[in-house]
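Okay, here's what each chain looks like letter by letter:
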Amino acid sequence: MSRPPAVRLDRLLANLGYGSRREVHALVRDRAVILDGRPVTDAGARISLTPDLPGRMTVRGAPVDPPAPLVLMMHKPEGVVCSHREPGRSVYELLPPRWRSRMPSLSTIGRLDRDTTGLLLITDDGDYLHRIISPRSHAPKRYIATLLSPLRGDEGEVFARGDLMLDGEERPLAPAVLEALEPLVARLTITEGRYHQVRRMFSAVGNQVVQLHRDRIGGLDLPHDLAPGDWKRLTPEQCAAALMDPGA
Ligand code: URA
């Protein structure tokens, strides 16, 4: 088995957002960093990045934040944006404030519109992010769309054909699977992540989405007990499930 990577304490805590290296040195001088029950006295000490570190190290009396790589799932609430650049409250503001200074930084895996709710993944692991959003991954994303007008009945066939062109695009959409749940509610599974894709697909068939919720990515479901605005870390098994195609 390979040894876990080790990193200097001052670098580790600075990268986790606890302050500059100088501020981390001050924490160590104040005996505020405890490892395995004893204060760490050398800010240059090399710390093994074992998964159990938050159970072994405290900073100012609280478990140290989990080091990278970190993958989170969030139940995105309505009215928050996924980008730092868009105006308004962002999903990052729902995480601990210190996490905004983490290096590597956290990013959402794909985006949901301001008014879309549901399963959102957030990570600092660039490889994992690319594996999910890469067009080659085909990780299905499942949405529940509430519509303005009743389904006509032919939408499933139109979406499944794989020849639907959205306005302003040069390539047709990949086939998608629609299940009618109620006259005004449909479940739609897509394998791409084009801009406003679900809303534009319904507008291409003469309808309008009034509410949109994502409940699954790959084989990973949004847990029923994760309330809007709440988030939690993914287990390695859940990380693998998000990459799977449950229908394949
Ligand atoms: N498709 C949309 O139109 N909006 C989203 O937020 C996600 C997919």
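Refer to the structure presented above.
The paragraphs below set out a description of the structure included in this document. (Residues numbered from 1 in each chain as written. Predicted model: local features only at pLDDT ≥ 70, side-chain atom pairs only at ≥ 80, totals over all residues. Heavy atoms only, no water.)

A count of helices and strands for the chain gives seven helices and 15 strands. Taken along its principal axes, the extent of the C-alpha atoms in the chain is 70 × 40 × 35 Å. Looking at the chain as a whole, 44% of its 248 residues are labelled buried. Partitioning the contacts of the chain with sequence separation of at least 6, the portion at a separation of at least 24 is 64%. A total accessible area of about 13500 Å² is found for the chain, and carbon and sulfur atoms account for 51% of it. (Helix = DSSP H or I, 4+ residues; strand = E, 2+ residues; numbered from the N terminus. Buried < 20%, exposed > 50% of the residue type's maximum accessible area, 1.4 Å probe, protein only. Contact = heavy atoms within 4.5 Å. Areas by Shrake-Rupley, 256 points an atom, 1.4 Å probe, with all protein chains shown as cover.)

Glancing now at the environment of Ser105. Note that Ser105 resides in the loop between strand 7 (71-76) and strand 8 (107-108). Since its relative accessible area comes to 43%, Ser105 is described here as partly exposed. Along the backbone, Ser105 and Ala68 are 37 residues apart, and their C-alpha atoms lie at a distance of 9.3 Å. Ser105 has contacts with Thr123 and Asp124, leaving out every residue within four places of it along the chain.

This part takes up the pattern of salt bridges. Summed over the entire model, instances satisfying the criterion amount to 15 salt bridges. Here Arg56 makes a salt bridge to Asp52, at a shortest N to O gap of 3.9 Å. Residue Asp52 is classed as partly exposed on the basis of its relative accessible area of 43%. Glu192 is paired through a salt bridge with Arg194; the nearest N and O atoms lie 2.9 Å apart. Using a relative accessible area of 16% as the deciding quantity, one classes Glu192 as buried. Look at Arg194 and you get buried, because its relative accessible area is 13%. (Salt bridge = Lys/Arg side-chain N within 4 Å of Asp/Glu carboxyl O.)

In this section: the packing of aromatic side chains. Across all of its chains, the model carries two aromatic pairs by this definition. Ring centres of Trp99 and Trp231 lie 5.2 Å apart, and the angle between their planes is 55°; this geometry places the pair in the tilted category. Remark: Trp231 occurs in strand 15 (residues 231-233) and Trp99 occurs in the loop between strand 7 and strand 8; sequence separation between them is 132 residues. Assessed through its relative accessible area of 7%, Trp99 is described here as buried. Judged by its relative accessible area of 28%, Trp231 is partly exposed. Ring geometry for Phe159 and Phe202: centres 5.4 Å apart, planes at 90°, overall edge-to-face. With Phe159 in helix 5 (residues 155-160) and Phe202 in helix 6 (residues 197-204), the pair connects residues that are 43 residues apart, well separated along the chain. Like Phe159, the residue Phe202 is buried in the burial classification. If you follow Arg102 out to its NZ or CZ, it ends over the ring of Trp99, 5.4 Å from the centre. (Phe/Tyr/Trp six-rings, centres within 6.5 Å; stacked < 30°, edge-to-face > 60°. Lys NZ or Arg CZ within 6 Å of the ring centre and 35° of its normal.)

For the rest of this paragraph, the subject is unusual backbone geometry. The step from Ala68 to Pro69 runs through a cis peptide bond, and the omega angle for that step is 0°. For Pro69, the position within the fold is in the loop between strand 6 (62-63) and strand 7. Following Met103, the chain continues to Pro104 via a peptide bond in cis, the omega torsion being -5°. Among the structural elements, Pro104 can be located in the loop between strand 7 and strand 8.

Near the ligand, the surroundings consist of Leu112, Asp113, Thr116, Tyr143, His196, Gln197, Val198, Arg199 and Leu212. Contacts to the ligand include Thr116, whose side-chain N or O atom sits 2.8 Å from an oxygen atom. Between the ligand and Val198, the relevant distance is 3.0 Å, taken from a nitrogen atom to a main-chain nitrogen or oxygen of the residue. Protein burial of the ligand: of its 240 Å² of free accessible surface, 96% is covered by the chains. (Near = heavy atom within 4 Å. Polar contact = N/O pair within 3.5 Å; in protein donor to acceptor, adjacent residues only side chain to side chain.)

Residues of helix 6 that are buried include every one of Gln197, Val198, Met201 and Phe202, and no others. Within helix 6, the buried residues cover an arc of 130° as seen down the axis, which keeps them to one side. Close packing links the buried residues of helix 6 with strand 10 (141-147), helix 5, strand 11 (177-182), strand 12 (185-190) and strand 13 (209-217). Once helix 6 finishes, Gly206 follows within two positions and takes phi at roughly 80°, a positive value. (Arc of directions from axis to C-beta.)

The quantities given are spatial measurements derived from coordinates; they are silent on function.
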